[in-house]
Amino acid sequence: QIGSGSLPTHTVPTLAIAVTHPTCGPDAIAERFRRADPAVIGRVKQGRFLLDLRTVASAADLAVRL
């Protein structure tokens, strides 16, 4: 959802990828992406760490060591 103001319930179509790891849970994965340089911000939803591809400027930014 976009948020409040004149469009409080308006949504924007997007595509997200789920990032998983055999030993790290979604919160640990999110933390590692946030601590990367540059930081990569995603969201945890329904037990998965999701990266919204609208927010990724370069594929190289996703190369985070887990």
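> Explain the overall build of the chain here, please?
A count of helical and extended segments in the chain gives 1 helix and 3 strands. Each helix (α) and strand (β) of the chain, taken in turn from the N terminus, gives the series β-α-β-β. When each of the 66 residues of the chain is scored for burial, the buried share is 17%. The contacts of the chain with a sequence gap of at least 6 include a subset with a gap of at least 24, amounting to 40%. In the form shown here, the chain has an accessible surface area of approximately 4,900 Å², with 53% of it arising from carbon and sulfur atoms.

> So what exactly am I meant to see when it comes to the sheet that holds strand 1 (residues 16-19) here?
Whenever strands of a sheet pair, they do so through backbone hydrogen bonds, lying parallel or antiparallel. Spatially, the 3 strands line up as an open sheet ordered 1-3-2, and their pairing is antiparallel. The open sheet has two free edges, formed respectively by strand 1 and strand 2 (43-45), since each of these has just one partner strand. Across the sheet, the mean angle from the axis of one strand to that of its neighbour is 40 degrees, orientation sign disregarded. Both strand 2 and strand 3 (residues 48-52) contribute to a ladder of 3 bridges, which runs antiparallel. Along strand 3, the bridge assignment pairs K45 with R48. Each of strand 1, strand 2 and strand 3 is contacted by helix 1 (residues 26-35), which is oriented at about 35 degrees to strand 3, the strand it contacts most.

Definitions and cut-offs
Residues numbered from 1 in each chain as written. Predicted model: local features only at pLDDT ≥ 70, side-chain atom pairs only at ≥ 80, totals over all residues. Heavy atoms only, no water. Helix = DSSP H or I, 4+ residues; strand = E, 2+ residues; numbered from the N terminus. Buried < 20%, exposed > 50% of the residue type's maximum accessible area, 1.4 Å probe, protein only. Contact = heavy atoms within 4.5 Å. Areas by Shrake-Rupley, 256 points an atom, 1.4 Å probe, with all protein chains shown as cover. Pairing = 2+ DSSP bridges. Axes fitted to C-alpha atoms, helices over the stretch in contact; angles between N-to-C directions.

In short, the description is geometric, and any link to function would need to be established separately.
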